[in-house]
Amino acid sequence: MKKLQDWDVRYRKFVQKNKNKPFVWGDWDCCRFVDGLVKEITGEHLIPETLDWTDEVTANKTIKDYGKTLYGAIKKATKAKGIMPIDKMYMTKGDIVVYKQKTKLVGICDGFNILSPTDDGINVASNDLAIKVWRIDG
């Protein structure tokens, strides 16, 4: 998986378009947000099309069945696409990030923070919360 030539413009347009979109399990949760943004900047989905969920219970079951934990699921999905982990100290815009606030979440770095959806639109979390980071070649 590689970033498209105009990935940075696509990234900014995607975030701008979706900045106020509310959280909805299976449609606009942290995994769907990352998958949508990855698709926008690469032309490919990160999440296998066979995976689906509609609420918190089915999301947790899907994660458990696919990779046991959110970290394991993201690790499996990135490995399948040839996306390699990097040291979190070198995290930059476009990197996929598993991080911890109250629970573990997945987001994408904007160069300064980690972005992921909430009920009130896109959440901005500190890069210091990163647990693991993967970089899409580009």
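From a predicted model like this one, the values you see are computed outputs, not experimental measurements. Within each chain, residues carry numbers counting from 1 in the order of the written sequence. Owing to the predicted nature of the model, reporting of local features is limited to residues with pLDDT of at least 70; listing and counting of side-chain atom pairs is limited to 80 or more, with chain, interface and lining totals taken over all residues. Hydrogens and water are ignored here; the side-chain numbers use all heavy atoms of the structure.

Concerning empty space enclosed by the protein
We place a 1 Å grid over just the protein atoms. Points where a 1.4 Å probe fits but has no way out form a cavity, open points with protein on both sides within 12 Å along at least 5 of 7 lines form a pocket, and any residue with an atom within 4 Å of a point lines it. Grid points are joined across faces, edges and corners, and a volume is the space filled by probe spheres set on the points. Inspection of every chain in the model, using the stated rule, returns 1 cavity of 30 Å³ or more. Of the voids in this model, the largest cavity is the one considered here, and its volume is about 130 Å³. Contributing to the lining of the largest cavity are 13 residues, with Cys31, Ile47, Leu51, Ile63 and Ala73 lying nearest its centre. In this classification, the charged set is Asp, Glu, Lys and Arg, the nonpolar set is Ala, Val, Leu, Ile, Met, Phe, Trp, Tyr, Cys and Pro, and all remaining amino acids, among them Gly, are polar. The class makeup of the residues in the lining of the largest cavity is 12 nonpolar, 1 polar and no charged.

A word on the confidence of the model for the protein chain
Residue-level confidence of the predictor is what pLDDT reports, using numbers from 0 through 100. The predicted model of the protein chain averages 96 in pLDDT, with 99% of residues at 70 or higher. Numbering of helices and strands runs from the N terminus, with a helix taken as a DSSP run of H or I at least four residues long and a strand as a DSSP run of E at least two residues long. Ranking the elements of the protein chain by mean pLDDT puts strand β5 (residues 121-126) last with 94 and strand β6 (residues 130-135) first with 98.

Some words on the sheet that holds strand β3 (residues 104-109)
The rule for pairing is simple: two strands pair if DSSP sees at least two bridges between them. Reading across the sheet, the 6 strands line up as β1-β6-β2-β3-β4-β5 and stay open at both edges, with antiparallel pairing between neighbours. Lying at the two open borders of the sheet, with one neighbouring strand each, are β1 (84-86) and β5. The mean angle between the axes of side-by-side strands here comes to 35°, regardless of whether they run parallel or antiparallel. In this structure, strand β2 (residues 96-100) lies alongside β3, joined through 5 bridges in antiparallel fashion. Following the sheet pairing, Lys100 is matched in β3 by Lys104. Helix-sheet contacts for helix α2 (residues 30-42) involve β2, β3, β4 (113-118) and β5, and the interaxial angle to β3 is about 25°. The angle between two axes is taken between their N-to-C directions and runs from 0 to 180 degrees, where each axis is a line fitted to C-alpha atoms and a helix contributes only its stretch in contact. Throughout, a contact is declared for two residues whenever any of their heavy atoms are within 4.5 Å.

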